[in-house]
Amino acid sequence: MQKDTVMLSATKAIAEKILTETFHGAVRLGEGSDLGGSHRSLVLRFAVLEGPTTVPRSVIVKRASGNIFDPDASHELAWNLFNDWASLQFLSKIAASERLAPVFYGGDRSVGLFVMEDMGEGTRLDHLLLGHDAQAAESGLLAYASMHGRLHALSMAHREEYLRLREALGPNIPLPAEYYSYDWLKPGMHTLAERLAIPMLPGVDEELEALRAMLLNPGPFLGFMQVDACPDNRMLVDGNWRLLDFEGAHYGHVLLEGAYCRMPMPTCWCVYRLPERIMRRAETAYRTELVRGCPKAGDDRLFGQGLVAACIAWALSFHQFMRPLEKMLSEDRTWVALSDRQRFLLYLNSAVSTADEFRCMLATGDMLRAIADKLAELWPEAVEPSYYPAFR
């Protein structure tokens, strides 16, 4: 308890110093309230007791967990915290009028701490999707898709500025490094085929090599990604949606995020099926915004090719990093929403239908179809996953 009190007192003092420098006048904070955070970070809300008139009534302080913080270490703790810091600082510069994310007020690199805008206790997108108001949920989803399209479009010309901010804080090697190499795509497919005794189709390996190259070199689709673009990382504040949590953010192939409604929500706990009509409306909203900063997104062939690549990558990554097929074959695991088997079949079928729609990577699509058909025989209970509660 004494250690916690000392940490809280030190955090408050550092935050007061940052705010005093940012707002050019002495700032005094009240006692902090713990908002939960994670194993990596402490997140606190502080009321502002005194300060210049431009200081907000309260702020959020995020600080790396633990007693010792090394800002120069290449580890998850520093990498995630500095990603979040640099992202908020970056968006506050390039899209201040858009207010896409909490405003960044300042930080102290040496202790791993920064101060940002307090957005209160607004409604999140997952609240709407899990609720009973279909119109509100659809409206929120369309705004979600538009917002990510706008984020990607705005960032296209600013990669060097982001890298300058991020690299000034610490090592900027995407973690986990093995994930972002995409070396697992081909072995992952072979593992699925071997375990289910399905022969590999000609052309699949070559397509997966091309897919890997596309993800490593996104070309016109290189942009800033939130990465964990989940419904619970989006909040409605004073009538405007804002994005939260940029711990995994980096520049990459933006259609990995553009595919979130097709897949759906592949990094999230809040996963159910979306009605086809709503999914397509959301994707159109996303693409309309993306074209503003990425004209080549208006090319049906290029856009479709990128979507197919993203969907296949997400489908294979579920087996590779979320729940290996071996474990799913032995037992199912139910999350808060769909079970693992339901999710995997949903992702496989989404990737297959996308490859068919855009007539792209057809050998890989046929391979995934064979896998999905075999699993459907083994898991008939997983074939028709439920829609989000708001759309039932």
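Everything below is about the structure printed above this text.
These lines cover the structure that appears in this document, whether it is placed above or below. Given the structure is predicted, the values throughout are model-derived calculations rather than measurements.

A short note on the overall build of the protein chain
- Tallying secondary structure elements over the protein chain gives 14 helices and 11 strands in all.
- For a compact globule of 392 residues, the expected C-alpha radius of gyration is about 21 Å, and the protein chain comes in at 22 Å, within 12% of that figure.
- Counting every position in the protein chain, which comprises 392 residues, the buried fraction comes to 56%.
- The contacts of the protein chain with a sequence gap of at least 6 include a subset with a gap of at least 24, amounting to 72%.
- Taken as a whole, the protein chain presents about 16800 Å² of accessible surface, with 52% of it coming from carbon and sulfur.
- For the protein chain, the distance from the average position of its 40 positive side-chain charges to the average position of its 50 negative side-chain charges is 2 Å.

Focus on the state of the cysteines
- In the structure shown here, the tally under the stated rule is 1 disulfide.
- Two residues share a disulfide in this structure: cysteine 230 and cysteine 268, whose sulfurs sit 2.3 Å from each other. Looking down the S-S bond of the cysteine 230 and cysteine 268 bridge, the torsion is -100°, so its handedness is left-handed. On the criterion of sequence distance, the pair formed by cysteine 230 in the loop between strand S8 (222-225) and strand S9 (234-237) and cysteine 268 in the loop between helix H9 (255-258) and helix H10 (276-293) is long-range, its members being 38 residues apart. This pair shows no difference in class: cysteine 230 is buried, exactly as cysteine 268 is.
- Cysteine 360 carries a free sulfur, and the closest cysteine sulfur to it, the one in cysteine 311, is 11 Å from it.

Topic: the sheet that holds strand S7 (residues 123-124)
- With antiparallel pairing, the 3 strands of this open sheet are ordered in space as S7-S9-S10. Of all strands in the sheet, those with a lone pairing partner are S7 and strand S10 (240-243), marking the two edges.
- Two elements, S9 and S10, share 4 bridges in a ladder whose sense is antiparallel. Among the inter-strand pairings, methionine 235 is bridged to a residue of S10, identified as arginine 242.
- Against the sheet, helix H4 (residues 134-155) touches S9 and S10, its axis set at about 55° to S10.

About the criteria used
The numbers attached to residues start from 1 for each chain and follow its sequence in the written order. In keeping with the predicted nature of the model, local features appear solely for residues at pLDDT of at least 70, side-chain atom pairs appear and are counted solely at 80 or more, and the whole-chain, interface and lining totals rest on all residues. Hydrogen atoms and water are omitted, and side-chain values are computed over all heavy atoms in the structure. A run of DSSP states H or I qualifies as a helix once it reaches four residues; a run of E qualifies as a strand once it reaches two. Both are numbered from the N-terminal end. What the globule rule says is 2.2 Å times the number of residues to the power 0.38, and the radius of gyration is computed from C-alpha atoms. The classification of residues rests on relative accessible area computed with a 1.4 Å probe and restricted to protein chains. Under 20% of the type maximum is buried, over 50% is exposed, and intermediate values are partly exposed. Contacts are assigned to residue pairs that have any heavy atoms within 4.5 Å of one another. The method behind every accessible area is Shrake-Rupley, applied with a 1.4 Å probe, and residues are considered shielded solely by the protein chains displayed. In this tally Asp and Glu are treated as negative and Lys and Arg as positive; neither His nor the chain ends contributes. Where a charge lies is defined by one atom per residue type: Lys uses NZ, Arg uses CZ, Asp uses CG and Glu uses CD. We call a pair of cysteine sulfur atoms a disulfide when they lie within 2.5 Å. Each pair of strands is called paired provided DSSP finds at least two bridges between the two strands. Working convention: axes come from line fits to C-alpha atoms, limited for helices to the stretch in contact. Angles between N-to-C directions cover 0 to 180 degrees.

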